[in-house]
Amino acid sequence: MDLVEVLPNWLHMLRFPVGQAYLWQDGEEALTLIDSGNAGSAAEIEGAIRSLGLAPGRLERIVLTHCHGDHTGAAGELAARWGARVLAHRLDAPVIRGERPVPEPALLDWEVPLYEHALAVVPAAPPTPVDGELEDGDALGFGDGAYVVHAPGHTDGSIGIHLPRHGVLFTGDCVAAVGPLMLGVFNVDRGRAIETFHRLAALAPSIACFGHGDPLTVDTAAALAKAAGETPA
């Protein structure tokens, strides 16, 4: 796992072989984890927190952008160890808890081999308790005002997280930056995902953090708007 500073004193990316999570630090107060990597990643995440001179016991909340295993896998273990609350959108929470199956995406032809590879390398996430079910516009209690942006399309309960005072947007898997900036893959509803892409781009962030690919920190708003406008239905 790689630990990458995104916004000094506030935000780090934790990059795993597949996907990534983000650690937000509110000064000397609570820590927030956005997504949690694969099952088995808890020890690496704890080590990353300690390497920053921080205590894992400060982890107050884990916000999951959606129900896929590369985002939810370590959340339950971390929550059990340190008492963090796990938060997810109401529509994805039953999947995360193991009450419903992971939804099947409507794959484009070129996505099929990528999806088969992902199934082979990403372990299934264990059922994870969800302490709070989120809705669009909910305040999350960190980052001087962090708000839920319902971002359906990748999954029904996908969310973005917007920190307007810091100009930061977490897109989950709606947007990807593996190669060119693009709509994320493996969507259950491509049309809704494209609508979400436009909605997120309209927030015009200064920093965009993706579920896959390096954060965008330069000319971010213009790049998001351009990529959204060029995405075919």
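Residues numbered from 1 in each chain as written. Predicted model: local features only at pLDDT ≥ 70, side-chain atom pairs only at ≥ 80, totals over all residues. Heavy atoms only, no water.

Asks: Would you mind going over the nonpolar core in detail, with residue names and values included?
Replies: Formed by 26 residues in total, the largest nonpolar core has its most connected members in Leu33, Ile45, Leu59, Ile62, Leu64 and Leu78. Elements supplying a minimum of two residues to this core: strand 3 (20-25), strand 4 (31-34), helix 1 (42-51), strand 5 (59-63), helix 3 (75-82), strand 6 (85-89) and helix 4 (93-96). Here the element with the most residues in this core is helix 1; it accounts for four residues. Once residues within four sequence positions are removed from consideration, Ile45 is found in contact with Leu14, Phe16, Leu33, Ser36, Ala74 and Leu78. Core analysis: the second largest hydrophobic core is formed by 21 residues, Leu11, Val63, Leu134 and Leu140 among them. (Core = buried A, V, L, I, M, F, W, Y, C linked by side-chain atoms within 4.5 Å. Buried < 20%, exposed > 50% of the residue type's maximum accessible area, 1.4 Å probe, protein only. Helix = DSSP H or I, 4+ residues; strand = E, 2+ residues; numbered from the N terminus. Contact = heavy atoms within 4.5 Å.)

Asks: Could you give an account of the packing of helix 1 against helix 3, with specific residues and numbers?
Replies: At a minimum axis separation of 9 Å, helix 1 and helix 3 run at an interaxial angle of 55°. Relative to helix 3, helix 1 is oriented oblique. Here Ala42, Ile45, Glu46 and Arg50 of helix 1 lie close against helix 3, whose contacting residues are Glu77, Leu78, Arg81 and Trp82. Here the residues of the contact of helix 1 with helix 3 sort into four nonpolar, no polar and four charged. (Axes fitted to C-alpha atoms, helices over the stretch in contact; angles between N-to-C directions. Parallel < 35°, antiparallel > 145°, perpendicular 65-115°, else oblique. Nonpolar A, V, L, I, M, F, W, Y, C, P; charged D, E, K, R; others polar.)

Asks: Requested: an account of the sheet that holds strand 1 (residues 2-7), with residues and values cited.
Replies: In spatial order, the strands read 1-2-3-4-5-6-7; together these seven strands make up an open sheet with mixed pairing. Of all strands in the sheet, those with a lone pairing partner are strand 1 and strand 7 (132-134), marking the two edges. When strand polarity is set aside, the average angle formed by the axes of neighbouring strands in this sheet is 25°. Sheet topology note: the strand 1/strand 2 (residues 11-15) ladder contains five bridges and is antiparallel. Within strand 2, the position partnered with Val4 by the bridge is Met13. (Pairing = 2+ DSSP bridges.)

Asks: Describe in detail the side chain of Glu111, supporting the description with residues and values.
Replies: With respect to the helices, strands and loops of the structure, Glu111 is situated in the loop between helix 4 and helix 5 (112-121). Buried charge Glu111 goes without a salt bridge, the closest partner of opposite sign being Arg190 at 5.5 Å. For Glu111, the side chain forms a polar contact with the main-chain nitrogen of Leu108, separated by 2.8 Å. Once you skip the residues sitting within four places of it in the chain, Glu111 turns out to touch Ala106, Val185 and Phe186. (Lys, Arg positive; Asp, Glu negative; His and termini not counted. Salt bridge = Lys/Arg side-chain N within 4 Å of Asp/Glu carboxyl O. Polar contact = N/O pair within 3.5 Å; in protein donor to acceptor, adjacent residues only side chain to side chain.)

Asks: Outline the sheet that holds strand 10 (residues 168-172), listing residues and values.
Replies: Taken in spatial order, the four strands line up as 8-9-10-13 in an open sheet, and their pairing is mixed. One side of each edge strand has no neighbouring strand; the edge strands of this open sheet are strand 8 (147-150) and strand 13 (207-210). The mean angle between the axes of side-by-side strands here comes to 20°, regardless of whether they run parallel or antiparallel. One ladder, built from four bridges, connects strand 8 with strand 9 (residues 159-163); its direction is antiparallel. Bridge pairing links Val149 to Gly160 in strand 9.

That's the geometry; what it means functionally is another story.
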